[in-house]
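# Working through the structure, step by step
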Amino acid sequence: MEEKTILVIEDNEMNMKLMRAVLRVGKYRMLEAKDAETGLSLAREHHPDLILMDIQLPGMDGLSATKIIKADPELKGIPIFALTGFAMESDKAKATDIGLAGYIVKPFSVKSLLETLENHFIGPTAPH
Ligand code: MN
């Protein structure tokens, strides 16, 4: 499988460190942004294969950034998973409305994050 590039937009350094470790295990190439504005410019410059988007960010929040990406013909095809500390049923409905590919609820485990990414890129693993 060709190397996939994942843009992580996350302001919390602890979570970013964990992401770095997880994505290294999964052999993903990683781009990092600590705020939505930087994330948007990295997305425009690099066209990542997937974006992991924290919802609560300084300045522009992750849902607003998602709406901007989904309104941009050049970027709207990039799947975005929201990183959130809480996912209410109402949030899940809103997520679908604004075009999120899914939610990753924090704190996430290494295994569940890798599985989410693998399911996305190569489909669910067959039982064995
Ligand atoms: Mn945050």
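The structure under discussion appears in the preceding block.
One structure accompanies this document, and this report is about it. (Residues numbered from 1 in each chain as written. Predicted model: local features only at pLDDT ≥ 70, side-chain atom pairs only at ≥ 80, totals over all residues. Heavy atoms only, no water.)

Scanning the entire structure with this criterion turns up one aromatic pair. Ring geometry for Y28 against F121: centres 5.8 Å apart, planes inclined by 35 degrees, an arrangement best described as tilted. Here the residue Y28 occupies a position in the loop between helix 1 (13-25) and strand 2 (29-33), and F121 occupies one in helix 5 (residues 110-122), the gap between them amounting to 93 residues. Across this residue pair, the class does not change: Y28 and F121 are buried. (Phe/Tyr/Trp six-rings, centres within 6.5 Å; stacked < 30°, edge-to-face > 60°. Helix = DSSP H or I, 4+ residues; strand = E, 2+ residues; numbered from the N terminus. Buried < 20%, exposed > 50% of the residue type's maximum accessible area, 1.4 Å probe, protein only.)

A word on the packing of helix 1 against helix 5. Put simply, helix 1 and helix 5 touch, their axes get as near as 10 Å, and they point 55 degrees apart. Judged by the angle between their axes, helix 1 and helix 5 are oblique. In the crossing of helix 1 with helix 5, the sense of the turn from one axis to the other is right-handed. Residues L18, M19, V22, L23 and V25 of helix 1 touch helix 5, and the partners they reach there are V110, L113, L114 and L117. A per-class count over the contact of helix 1 with helix 5 returns nine nonpolar, no polar and no charged. (Axes fitted to C-alpha atoms, helices over the stretch in contact; angles between N-to-C directions. Parallel < 35°, antiparallel > 145°, perpendicular 65-115°, else oblique. Left-handed = near helix turned anticlockwise from the far one by under 90°. Contact = heavy atoms within 4.5 Å. Nonpolar A, V, L, I, M, F, W, Y, C, P; charged D, E, K, R; others polar.)

Across the interface, helix 2 (residues 36-46) lies against helix 3 (residues 62-70) with an axial gap of 10 Å and an inter-helix angle of 25 degrees. It follows from the interaxial angle that helix 2 and helix 3 lie roughly parallel. For the crossing formed where helix 2 meets helix 3, the hand is right-handed. Between helix 2 and helix 3, the residues in contact are A36, L40 and R44 and A65, I68 and I69, respectively. Of the residues contributing to the contact of helix 2 with helix 3, the split by class is five nonpolar, no polar and one charged.

What follows concerns helix 3. Within the span of helix 3, buried status applies to G62, L63, A65, T66 and I69. Down the axis of helix 3, the sector holding all buried residues measures 160 degrees, keeping them to one side. Looking at the packing, one finds that the buried side of helix 3 touches helix 2, strand 3 (50-54), strand 4 (80-84) and helix 4 (89-98). The distance from a side-chain oxygen at the start of helix 3 to the backbone nitrogen of L63 is 2.9 Å, and the residue carrying that oxygen is D61. (Arc of directions from axis to C-beta. Polar contact = N/O pair within 3.5 Å; in protein donor to acceptor, adjacent residues only side chain to side chain.)

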